Amino acid sequence: MSSPARTYVRFVCFKSVGRQRSRLGLFKAIDEAVESEHEPSWAIVEARTIASWFNENLAIPKVFSVGGHKGFGQPGLSWFKPAAGEHIRQMHRLKLALEACGVHVEVLTTRDPGLIVWQDENQLVAEPRGRKF
């Protein structure tokens, strides 16, 4: 019997700068939402509450590439592990709050996040091996 495939989850939003679209992490997107003219107050309160929860319940990765913190390789991307159910639920709540502020959030999944350079029980950081997420 083979083991079930592990699916990793990543939440991203995009910010347009001129003609370029760049990824913006959801925690950075909270700052953008607060500065928005359309933010409902409940959504800002919810986003800040969830950010506080993550500050207490999620480690900051120590390494983002095989070259170290700044790295020489392609920068690593953070993914939630399948077992991080509560973290993923909290991110879905954050997604709803940010979208109420006009920030579109995409949920990405993969079974192959790339070369894992750091991990803990809830998340991992992996260099995507040339793939774009």
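A separate point is the packing of aromatic side chains. In the structure shown here, the tally under the stated rule is four aromatic pairs. Seen from their ring centres, F11 and F80 are 6.4 Å apart, and the 75° between their planes marks the pair as edge-to-face. In this pair, F11 is assigned in strand β1 (residues 8-17) and F80 in strand β3 (residues 77-80), connecting sequence segments 69 residues apart. Judged by relative accessible area, F11 falls into the buried class, the value being 6%. Taking 6.3 Å as the distance between ring centres and 45° as the angle between the ring planes, the aromatic pair formed by F54 and F80 counts as tilted. Here F80 lies in strand β3 and F54 lies in helix α2 (residues 41-57), a separation of 26 residues in the sequence. These aromatic residues form a ring-pair network of at least three members: F11, F27, W53, F54 and F80.

In the predicted model, the chain carries a mean pLDDT of 85, and the fraction of residues at 70 or more is 81%. Strand β2 (residues 20-24) is the least confidently modelled element of the chain, averaging 68 in pLDDT, while helix α3 (residues 85-100) averages 96, the highest of any element.

With that settled, consider the packing of helix α1 (residues 26-35) against α2. Orientation of α1 relative to α2, taken along the N-to-C sense of each, is 155°, at an axis distance of 10 Å. When the axes of α1 and α2 are compared, the pair comes out roughly antiparallel. Along this stretch, α1 crosses α2, giving a crossing that reads as left-handed. Between α1, through F27, I30, A33 and V34, and α2, the contact on the second element is made entirely by I44, A47, R48, A51 and F54. Looking at the contact of α1 with α2 residue by residue, the classes come out as eight nonpolar, no polar and one charged.

What counts, and at which threshold
Residues numbered from 1 in each chain as written. Predicted model: local features only at pLDDT ≥ 70, side-chain atom pairs only at ≥ 80, totals over all residues. Heavy atoms only, no water. Phe/Tyr/Trp six-rings, centres within 6.5 Å; stacked < 30°, edge-to-face > 60°. Helix = DSSP H or I, 4+ residues; strand = E, 2+ residues; numbered from the N terminus. Buried < 20%, exposed > 50% of the residue type's maximum accessible area, 1.4 Å probe, protein only. pLDDT = per-residue confidence, 0-100. Axes fitted to C-alpha atoms, helices over the stretch in contact; angles between N-to-C directions. Parallel < 35°, antiparallel > 145°, perpendicular 65-115°, else oblique. Left-handed = near helix turned anticlockwise from the far one by under 90°. Contact = heavy atoms within 4.5 Å. Nonpolar A, V, L, I, M, F, W, Y, C, P; charged D, E, K, R; others polar.

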